[in-house]
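# Close look at the chain arrangement
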Amino acid sequence: MPKIVIAIDGYSSCGKSTTAKAVAAKMGYGYIDTGAMYRAVTLFFIQERIAFTNQKEVELALERIHITFNYSNQTGKNQTCLNGLNVEDEIRTMHISNLVSEVSAIPEVRWAMVAQQQKMGRRRGVVMDGRDIGTTVFPDAEVKVFMTAETYIRAQRRQQELLAKGELVNMDEIIKNIEKRDLIDTTRSESPLVKAADATLLDTSHMTIEEQVDWVIELADRRLAELHRKKSRKVIQ
Ligand code: DC
């Protein structure tokens, strides 16, 4: 069976990462959370007091950033590591959420991250979630999903996520953050968040995670069967 790339793009808090992770586990594929990479860069810039607007400073800082993903046997979860240190919790705070869109709009940051992501998926057999996977990172991905959901529902999900980590944030602040990030993500000059022409739209407003996972797996299965048919036809000819 050939291995494919499954690109899951879309707005924040639509269930992209949870779905992508479960799809990867069911298919025996790797999972790459590209949002975590931009969050880790943001954390590094804050820690090192990098001026986001200083191109030279940004370029030099990027050379000192090494991001990896580790599976923790202790928590049974994937951990994002920045220069070898687990930063999984630190990168999920509101403070980082408030700055990450600004950092991820910097062209030099995008070029560096896109190059790393292409390297991580070069052997295929990966599920990657983000904003520009189907358009820029893997425009040739065999499966492309574009996720959306109503803003209020996305904010409720985000609030629950933060609460589970002990951070109580009111809905107004979360909605403001979501709307600001949507605006920056969709209007930036370098690979803005946009649905690829050949991506399938998935509105998750009234879906459970299990339904979302089944939906993506079905789409991937159909695509794999199609590729298999094409290959068999070639052999017969
Ligand atoms: O998926 P997330 O919310 O953790 O992503 C954090 C931010 O990173 C989001 O505001 C947009 C940015 N991002 C991006 O620009 N490109 C990606 N491929 C993934 C995330």
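Notes on the structure follow.

### Side note on the overall build of the chain
- Counting secondary structure elements, the chain contains nine helices and eight strands.
- Relative to its length of 237 residues, the chain is compact, with a C-alpha radius of gyration of 18 Å against a globular reference of 18 Å.
- The C-alpha extent of the chain, read off along each of the three principal axes, is 60 × 40 × 40 Å.
- When each of the 237 residues of the chain is scored for burial, the buried share is 48%.
- As displayed, the chain offers around 12400 Å² of accessible surface, 52% of which is attributable to carbon and sulfur atoms.

### A look at the packing of helix 7 (residues 151-164) against helix 8 (residues 171-187)
- Remark: helix 7 packs on helix 8, axes separated minimally by 9 Å, with the N-to-C direction vectors making an angle of 115 degrees. As for the relative orientation of helix 7 and helix 8, their crossing is right-handed in sense. For the pair helix 7 and helix 8, the contacting residues are Thr151, Tyr152, Arg154, Ala155, Gln156, Arg158, Gln159 and Leu162 in the first and Met171, Ile174, Ile175, Ile178, Glu179, Arg181 and Asp182 in the second.
- The residue makeup of the contact of helix 7 with helix 8, split by class, is seven nonpolar, three polar and five charged.

Reading the values: rules and limits
Just so you know, the residues in each chain are numbered from 1, in the order the chain's sequence is written. Totals for whole chains, interfaces and linings use all residues, but because this is a predicted model, local features are given only for residues with pLDDT of at least 70 and pairs of side-chain atoms are given and counted only at 80 or more. Heavy atoms from the whole structure form the basis of all side-chain values; hydrogens and water molecules are not counted. Segments assigned H or I by DSSP are reported as helices when at least four residues long, segments assigned E as strands when at least two residues long, and all are numbered from the N terminus. For the radius of gyration, the atom set is restricted to C-alpha positions; the globular benchmark scales as 2.2 Å times the number of residues to the power 0.38. Each residue's exposure class comes from its accessible area (1.4 Å probe, protein chains only) as a fraction of the maximum for that residue type: buried when under 20%, exposed when over 50%, partly exposed otherwise. Each accessible area is a Shrake-Rupley estimate made with a 1.4 Å probe; only the visible protein chains count as cover when residues are assessed. Here, axes are lines fitted to C-alpha atoms. For helices the fit covers the stretch in contact, and angles between N-to-C directions go from 0 to 180 degrees. Here a crossing is called left-handed whenever its near helix is offset anticlockwise from the far helix by less than a right angle, and right-handed whenever the offset is clockwise. Contact criterion: two residues are considered in contact whenever any of their non-hydrogen atoms come within 4.5 Å of each other. When residue character is reported, Ala, Val, Leu, Ile, Met, Phe, Trp, Tyr, Cys and Pro are called nonpolar, Asp, Glu, Lys and Arg charged, and the others, Gly included, polar.

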